[in-house]
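This is what each chain is made of:
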Amino acid sequence: MDNNYIMPIRIIIADDHQLFREGVVNLLSNAPNIDIVGQAENGKEAISLAARLKPDIIIMDIGMPEISGIDATRILKEQYPSVKVLALSMHADKHYIKGILEAGGWGYLLKNCTYNQLIEGITTVYNGKKYLDGDTTEVLIESYIKPDKEEIGDPNLSDRENEILKLIAEGKSNREIADTLFISIKTVGTHKQHILEKLELSTTGDLIRYCLKKGIITL
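To start, this report covers the structure provided alongside it. Since the structure is predicted, the reported quantities are computational estimates derived from the model, not experimental observations.

Quick notes on the pairing of strand E4 (residues 84-89)
1) Next: For E4, the tally of buried residues reaches 6 of 6 residues, placing the bulk of the element in the interior.
2) Next: With burial as the criterion, each face of E4 is covered, one bearing Lys84, Leu86 and Leu88 and the other bearing Val85, Ala87 and Ser89.
3) Next: Relative to E4, strand E3 (residues 57-60) runs parallel, the two sharing 4 bridges. The residue bridging Ile57 from the neighbouring strand is Lys84, located in E4.
4) Next: Taking the sense of rotation as the criterion, the β-α-β connection linking E3, helix H3 (residues 69-79) and E4 turns out right-handed.
5) Next: Of the pairings in the sheet, the one linking E4 to strand E5 (residues 107-110) comprises 4 bridges and is parallel in character. Following the sheet pairing, Leu88 is matched in E5 by Leu109.
6) Next: With helix H4 (residues 94-102) bridging E4 and its parallel neighbour E5, the resulting β-α-β unit is right-handed.

Right, here's the structure in full:
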């Protein structure tokens, strides 16, 4: 074997839009030291392929059927910690960025990123460092400098729990909350139960009255 041979970075592309997914595959197929080993059209398939193909990196969309990119990332971190997730999403929103990073993701790029940014993100994550593109960094900086009203919440709850608490108080169903946050209905139910336990409340009505009293929502 050539002593100068460099093992290629093994990558799976996970995106439910076939045209976009195949476009990324074609774009990276000619990149040096990158080997596209599989494609997935949802989070469930991405997890299955990770178990079988042992990739270095999964380039992961956020909003996908079956299992969202965020939930898939959380499962991958638990079951296959050596697999690094690099999010590639259309959502320039702090909740999605924080969601993927808190789930164990290694980086976040927007789908309008350049080819060079994508290659830089892949290389950086492969080398064990976090990566955010310029637009994503700007979103996080703005959310830190100018927190909005959604930041109001209960200090005993996590950021995600406060987020779900507000949506519940606004009258959103579990399905609507799941669709809004790209998480499963089961995950919403689990968070809701934790919220009730932490706040020592019993019903959804109790949660709404609590939010009104605390100023988390207004009539």
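So, next bit.
Observations regarding the sheet that holds E4
1) Next: Reading across the sheet, the 6 strands line up as E2-E1-E3-E4-E5-E6 and stay open at both edges, with parallel pairing between neighbours. Edge positions in the sheet fall to strand E2 (34-40) and strand E6 (131-132), since each of these pairs with one other strand and no more.
2) Next: Direction of pairing for E5 relative to E6: parallel, over a ladder of 2 bridges. Directly across from Tyr108, in E6, lies its bridge partner Leu132.
3) Next: Sheet strands in contact with helix H1 (residues 18-29) are strand E1 (9-14), E2, E3 and E4, and its direction is about 170 degrees off that of E2.

Here we look at unusual backbone geometry
A negative phi angle characterises most non-glycine residues, just as the trans form characterises most peptide bonds.
1) Next: For Asn33, which is not glycine, the phi torsion reads 65 degrees and is therefore positive.
2) Next: What makes Asn33 partly exposed here is its relative accessible area of 41%.
3) Next: Unusually for a residue other than glycine, Glu200 sits at a positive phi of about 55 degrees.
4) Next: Its location among the elements puts Glu200 in the loop between helix H9 (185-199) and helix H10 (204-214).
5) Next: Residue Glu200 is classed as exposed on the basis of its relative accessible area of 72%.

Focus on the packing of H4 against helix H6 (residues 134-145)
1) Next: Direction vectors running N to C along H4 and H6 enclose 105 degrees, while the axes themselves pass 10 Å from each other. The pairing of H4 with H6 is recorded here as roughly perpendicular in orientation. From H4, Lys94, Ile97 and Lys98 reach across to H6, where they touch Thr136, Val139, Leu140 and Ser143.
2) Next: Split by residue class, the contact of H4 with H6 holds 3 nonpolar, 2 polar and 2 charged.

Examining a nonpolar patch on the surface
1) Next: On the surface, a nonpolar cluster with roughly 370 Å² of combined accessible area is contributed by Ile141, Tyr144 and Ile145.
2) Next: Here Ile145 lies in helix H6.
3) Next: On the basis of relative accessibility, which here comes to 55%, the residue Ile145 falls in the exposed class.

Things to note about H1
1) Next: The end-to-end C-alpha distance of H1, which contains 12 residues, comes to 16 Å, matching closely the 16 Å that a straight helix rising 1.5 Å per residue would cover.
2) Next: Within H1, the full set of buried residues consists of Arg21, Val24, Val25 and Leu28. Along H1, the residues classed as buried sweep out an arc of 100 degrees about the axis, all on the same side. Away from its buried face, by an angle of more than 90 degrees, H1 presents the exposed residues Leu19 and Asn26.
3) Next: Contacts made by the buried residues of H1 are with E1, E2, E3, E4 and helix H5 (115-126).

About the cut-offs
- Residues numbered from 1 in each chain as written.
- Predicted model: local features only at pLDDT ≥ 70, side-chain atom pairs only at ≥ 80, totals over all residues.
- Heavy atoms only, no water.
- Buried < 20%, exposed > 50% of the residue type's maximum accessible area, 1.4 Å probe, protein only.
- Helix = DSSP H or I, 4+ residues; strand = E, 2+ residues; numbered from the N terminus.
- Pairing = 2+ DSSP bridges.
- Right-handed = clockwise from strand over helix to strand, strands pointing away.
- Contact = heavy atoms within 4.5 Å.
- Axes fitted to C-alpha atoms, helices over the stretch in contact; angles between N-to-C directions.
- Parallel < 35°, antiparallel > 145°, perpendicular 65-115°, else oblique.
- Nonpolar A, V, L, I, M, F, W, Y, C, P; charged D, E, K, R; others polar.
- Patch = residues over 30% accessible without salt bridge, like charges linked within 9 Å, V, L, I, M, F, W, Y side chains within 5 Å.
- Areas by Shrake-Rupley, 256 points an atom, 1.4 Å probe, with all protein chains shown as cover.
- Salt bridge = Lys/Arg side-chain N within 4 Å of Asp/Glu carboxyl O.
- Expected span 1.5 Å × (residues − 1).
- Arc of directions from axis to C-beta.

Purely geometric stuff here, so don't read any function into it on its own.
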